[in-house]
Amino acid sequence: MIEKVATDLGITDDAVKTLVRDVRRSLWLHDDRPLAMHASSLEEWRLELRRARSQKSFVKSPPPVVALLAVYTLAAHQMGADNQFAANAYRPRLQALLQVPATESRRFDTAFSNTSEDFWRSVNEYLEMYEGQLGMPTAYALGHRYVGIPQSQALVRSADRRRLPQFFRMFGFAPGAEVIPGDLERLLDLWIGQNPSPVTTNLQRLWRGGKARERIAGVVSVELAHWDGSYDRGDTGETPIGGELQLTALLRRRLGGQNVELSFAARFAKPVDVTELQVKSAEGVPTVSVVPAAGGRLRPAPASRFDEISLVGANVTLAEGVHGQTATRQPRRVVPLHRDDLLGVFVEAERMQLAEDAMILVKDEPTLTENVLEIVGQHGCYDTLFACEARDGVVAMPGLPEGWLLVDGVQIYAVPQDVKRADLNPLIPLTSAQLTLAGGMKLPGRVRKWSSHLPPEIRAAVTDARKLEVILRSMAGTVGDPVELAWVQEQSMIVVPLADEGLGDGDYEISLRSDGVSIAQSTLRLRSGDTPDLIGWETCTRLVHELDVGRLGALSATEMSGESDLLVDGPRAIGAPASPAVDMDTSTSPGWATQKGTSVQRVIPVVLGEADPNSCLVTGMHRLELPTFMGGYVRGHIDGVCTGCGLVKRFPARPRAKKRQAKSANEFRLDIAALPPRFTMRVDPDSCLDALIHLGGGPIGALERVATQSEGSSLFVDEFVRTLEVLGHIDVRRDDRLLPVEWEVTPCQLAELQDGRFLLTGAWSDSRRADLGSVVSDFGGRLTADRPDGAGMFTQWTLRGVDLDAAQAMAEEIGDCDVAPDAAWQLLCALPTLGEVEAALPLVDIPAYTKAQVFDLDLASWQPIPGVARAGAYRLEQSFRSVTLWIDEDGARRRQGRLASVQLVKHLAARAAGRPLLAHLPQSQTLVTALGADLPGLYGRVAALCSGAPPSPSPKTRCLAYPGVPSRVARGLTGLMSQ
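All values derive from a computational prediction rather than experimental measurement.

What counts, and where the lines are drawn
- Residues numbered from 1 in each chain as written.
- Predicted model: local features only at pLDDT ≥ 70, side-chain atom pairs only at ≥ 80, totals over all residues.
- Heavy atoms only, no water.
- Helix = DSSP H or I, 4+ residues; strand = E, 2+ residues; numbered from the N terminus.
- Areas by Shrake-Rupley, 256 points an atom, 1.4 Å probe, with all protein chains shown as cover.
- Pairing = 2+ DSSP bridges.
- Phe/Tyr/Trp six-rings, centres within 6.5 Å; stacked < 30°, edge-to-face > 60°.
- Buried < 20%, exposed > 50% of the residue type's maximum accessible area, 1.4 Å probe, protein only.
- Lys NZ or Arg CZ within 6 Å of the ring centre and 35° of its normal.
- Salt bridge = Lys/Arg side-chain N within 4 Å of Asp/Glu carboxyl O.
- Axes fitted to C-alpha atoms, helices over the stretch in contact; angles between N-to-C directions.
- Parallel < 35°, antiparallel > 145°, perpendicular 65-115°, else oblique.
- Contact = heavy atoms within 4.5 Å.
- Nonpolar A, V, L, I, M, F, W, Y, C, P; charged D, E, K, R; others polar.
- Expected span 1.5 Å × (residues − 1).
- Left-handed = near helix turned anticlockwise from the far one by under 90°.
- Core = buried A, V, L, I, M, F, W, Y, C linked by side-chain atoms within 4.5 Å.

(A) Layout of the overall build of the chain. If you tally the helices and strands in the chain, you get 26 helices and 48 strands. Accessible surface, the chain: about 43,200 Å² in total, of which carbon and sulfur atoms supply 49%.

(B) A look at the pairing of strand 4 (residues 287–293). In this structure, strand 3 (residues 276–279) lies alongside strand 4, joined through three bridges in antiparallel fashion. Counted as the bridge partner of Gln278 is Thr287 from strand 4. Across four bridges, the pairing between strand 4 and strand 5 (residues 297–300) is antiparallel. Among the inter-strand pairings, Val290 is bridged to a residue of strand 5, identified as Pro300. Two successive antiparallel strands, strand 4 and strand 5, enclose a turn made up of three residues, where Gly295 displays a positive phi of approximately 75 degrees.

(C) Broad picture of the packing of aromatic side chains. The final tally for this structure, using the stated rule, is twelve aromatic pairs. A ring pair is formed by Phe855 and Trp862, whose centres lie 5.6 Å apart and whose planes are at 70 degrees; its orientation type is edge-to-face. Trp862 matches Phe855 in its accessibility class, with the two residues each being buried. Directly above the aromatic system of Trp764 lies the positively charged group of Arg768, at a separation of 5.7 Å from the ring centroid. Just above the ring of Trp797 sits the side chain of Arg769; from NZ or CZ to the centre is 4.5 Å.

(D) Expanded view of the pattern of salt bridges. If you walk through the whole model with that rule in mind, you get 47 salt bridges. Arg572 is the salt-bridge partner of Asp818, the closest N and O atoms lying 3.3 Å from each other. You can see Asp818 sitting in strand 38 (residues 818–820) and its partner Arg572 sitting in strand 27 (residues 572–574), a full 246 residues away along the chain. Among the residues examined, Asp818 registers a relative accessible area of 33% and is labelled partly exposed. Look at the salt bridges and you will find they share partners, linking Arg46, Asp118, Arg121 and Glu125 into a network.

(E) Molecular detail of the packing of helix 17 (residues 700–707) against helix 18 (residues 714–726). At a closest axis distance of 10 Å, the pairing of helix 17 and helix 18 adopts a crossing angle of 110 degrees. Classified by the angle their axes make, helix 17 and helix 18 are roughly perpendicular. Contacts from Leu703, Glu704 and Ala707 in helix 17 reach Phe716, Val717, Phe720 and Val721 in helix 18. The residue makeup of the contact of helix 17 with helix 18, split by class, is six nonpolar, no polar and one charged.

(F) Structural detail: the sheet that holds strand 21 (residues 493–497). Spatially, the three strands line up as an open sheet ordered 15-18-21, and their pairing is antiparallel. Where the open sheet ends on each side, the last strands, each with one partner, are strand 15 (433–438) and strand 21. The mean angle between the axes of side-by-side strands here comes to 5 degrees, regardless of whether they run parallel or antiparallel. Relative to strand 18 (residues 457–462), strand 15 is paired through six bridges, and the arrangement is antiparallel.

(G) Expanded view of helix 3 (residues 36–54). Relative to the 27 Å expected for 19 residues at 1.5 Å per residue, helix 3 spans 27 Å between its end C-alpha atoms, a close match to the ideal helical length. Burial in helix 3 covers these residues: Ala36, His38, Leu42, Trp45, Arg46, Leu49 and Ala52. For helix 3, the secondary structure elements touched by its buried residues are helix 4 (66–77) and helix 6 (105–129). One or two positions beyond helix 3, positive phi appears at Lys56, with a value near 55 degrees.

(H) The arrangement of the sheet that holds strand 38 in detail. Strand order in the open sheet made by the five strands is 36-37-35-34-38, with mixed pairing throughout. Lying at the two open borders of the sheet, with one neighbouring strand each, are strand 36 (782–786) and strand 38. Across the sheet, the axes of successive neighbouring strands diverge by a mean angle of 30 degrees, strand direction being ignored. As judged from the two bridges shared by strand 35 (residues 758–761) and strand 37 (residues 796–800), these two strands associate in the antiparallel manner. Pairing of Phe758 across the sheet is with Leu799, part of strand 37. Each of strand 34 (749–752), strand 35, strand 37 and strand 38 touches helix 20 (residues 804–814); the most contacted strand, strand 38, lies at about 155 degrees to it.

(I) Seen up close, the environment of Val928. Positionally, Val928 belongs in strand 46 (residues 926–930). Residue Val928 is classed as buried on the basis of its relative accessible area, which comes to 7%. Residues Val928 and Ala961 lie 33 residues apart in sequence; the distance between their C-alpha atoms is 4.5 Å. The contacts of Val928, once residues within four sequence positions are left out, are Pro590, Trp592, Leu917, Leu918, Ala919, Leu921, Leu960 and Ala961.

(J) Focus on unusual backbone geometry. Cis geometry is adopted by the peptide bond preceding Pro196, which originates at Asn195 and carries an omega value of 5 degrees. Looking at the secondary structure, you find Pro196 in the loop between helix 9 (181–192) and helix 10 (201–209). Phi is positive for Gln99, close to 55 degrees, though the residue is something other than glycine. Considering the arrangement of structural elements, one finds Gln99 in the loop between helix 5 (91–97) and helix 6. A positive phi angle, near 60 degrees, is found at Arg895, a position not held by glycine. Mapped onto the fold, Arg895 is located in the loop between helix 23 (889–894) and strand 44 (896–899). Classification of Arg895 by relative accessible area gives partly exposed; the value is 34%.

(K) Structural context of the packing of helix 4 against helix 6. As a packed pair, helix 4 and helix 6 sit with axes 10 Å apart at the nearest point and diverge in direction by 110 degrees. On the basis of their axis angle, the class for helix 4 and helix 6 is roughly perpendicular. Crossing handedness for the pair helix 4 and helix 6: left-handed. Between helix 4 and helix 6, the contacting residues are Leu68, Leu69, Tyr72 and Thr73 on the first element and Phe112, Ser116, Phe119, Trp120 and Val123 on the second.

(L) Local environment of the nonpolar core. If you look at the biggest cluster of nonpolar residues, it comprises 59 residues, and the most contacted ones within it are Leu831, Leu927, Leu935, Tyr939 and Leu973. In terms of residues, this core owes the most to one element, helix 21 (residues 823–830), which gives seven residues. When sequence neighbours within four positions are dropped, the list of residues in contact with Leu831 reads Leu547, Ala554, Leu938, Tyr939, Val942 and Leu976. Ranked by size, the runner-up nonpolar core spans 46 residues in total, among them Leu689, Leu692, Val745 and Cys748.

Function cannot be inferred from these measures alone, as they are strictly geometric.
Structure, rendered in structure tokens:
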């Protein structure tokens, strides 16, 4: 690497010698502070960094200590390579490399100890500023202060780091897990000691030497914390690993009840871009539609339904059609599921981990259930026991398969001992100590960070510890005064909620001490809209709706070309004419049935396989297959794998005789009651919006990762996106099928509503709102926050008591803010008719389908139909994928239709029939449409910007209501939707 950098810089001499020579010249070796110049330069660099952060810009130059740190790493790299010094002697080798005179040795050593950690911390700060785009911040060291970091940078090279996901998967670690290096050391010994070893010869040599093990484990711990679950074999020469098929569970709690949605997530050894998978284990080999998911996984397309009994209890095999890879899931009697922040659901795990949020799916057998609850109750806690039907001590949970129970709210804080039954092995954590950050809102990005609006809680558990202490310290660049907090618990577990600590944006170092010894460290990064992701804002596409470039601009944003004379940016229409294209009377009562029909079409779930009545799932009889003994000394443990369900039971390789010990009168026990109340903070919509303001924009996957933390269902994500879109907070680019592809937060704007208030839309962070609030009183107005009672509603921030001139003056005073006068009307005047939009929709051949439904305008609902024979709005089902088409009379003859969203095709059918799905109630100034027929794209934004509120559904009347819409806007919308 050094040679490559030297070549790029045009240095022809020996690169290492040149680097060491130039670094030595920068040292003040005959001064009391030999590293003073580097410390002073770094202080100036940090001042520049703070200025850049306040101006929301970058510092392009890296810390001025990078060359010095490279020499520190060179010295660590040379450890054990000669006989001049002991293999673990770092400081003497560093001084020899820099040719430090013996008379200055002590002063240099003192200066090194005083500055080393701070110098390395600056590298982390630089990489974090670029959100990991230039590399991940890994300069951390638990033990061996001052020398541990350079050693960690030299010990595990890139070739071995690429192989680490194989290690993580082998032992069932969850992506992003925080595992203490001491526990990883034991497992790494088993992994590296395989024959053949999966790591390089260099790492094998260091591991066998023994002295570097702790530091290698520390590096692996950091890599695991940053792992997203993806796995790329690349050119590492690893033996291909079969695909994974994991059960997923989404527990949905809503007014009137709760249910669980069981599904799956698939991952193949070689990533593939496919839209469907074959179910090899099912009769007839049906196909299921899939969509990409975080961590290189595939998930079923929205609205997919599976037979729960076969999903949980059968051997399920899926195959992709590109490379013929398969992913298989074997059923188990006890299934732990841990919270996956990337997917927003609970995902099946090989076994429990200490202090994590989990569920347990267990076969409904009295003895097995009793054993599971006993272990969880003695070594942790749980909330509720669910089954498909209620009974004594068990709550009903729709969505659970018959014969299974779900244990919710599980946390394990101690490792169960002497567990004999193989079925219970998944409840035994691999690790004996854990420091983790859980709950709160995790922000998307390569660098781990949380929202300061919803910080996580700290959880720690250390087997046999009698006293745990957690220390939190603020690091350089953190907002506000320096913070140092400490919490102590006189037992082997501790939970620290941070929501009430008032922590500001910045970085915090968390240390865990067990019985007085520091055993783990972690970094907590808190961000909000006030500290934007500069990379995200810099690289996201600038999106606007250009209405004179293409008529689909009313439905989808595009990259700003700079050539449009008629465009919409958030709530503001630029270049709009003075009046709408069409004006038409609106009906004063709905023209569709407003009462629920009695017919309900039942969706038949797909059976994924058949359970074997002789399998260990049914009988409980496991056949454990042990590896062949090849002779010689075997250390660690031996894995026995059940041939029927894949259950792994680990046996000690060299069992020892168990000594009888009298129970101590002062035996140390867990006191669950000593823990604070369960962390139940809900991720609210306002925090989600602030997280999006922090991100700025990007691919739709980043937005989905924010939304799924509030609720993991695809239906909620779709509703979340459309709500933000109609309120003008974001603009969304969509593909040919009108599915979202990328998004951007709109600029700060003040949108004038129909009652004279001004709605705050777009990138209004807390500090930006405070800036506005500080000047509004000078103009005789006030800034108000209306918080609707309904769940999933955003706070409505509005200016009251000011006119248009005052609003424009305030926007100019605070800067970077625009005003949208009479926002709804101006936007209405800019929009094309629905007929023009229809002509721009992509025309496709009617695809093959298994079922067809047509939208009935009288009933305002989908009705089954034998086939497509006439004009109408159609929903065609292909396996698990639904395609919605508008087919006119000519298209019915030519067997062609226009691709559109499920909402848009309904309005196209209504337009063709001359009866728009709109009604206006003049007394309440409410515009209503049929439930499920939201006004598409910018037409819905017009209606929402009348009052500043999104539409509210009324299932009882089967209507969707837009409040505060005056007659003139209702007439204009009716005209556009009719022509």
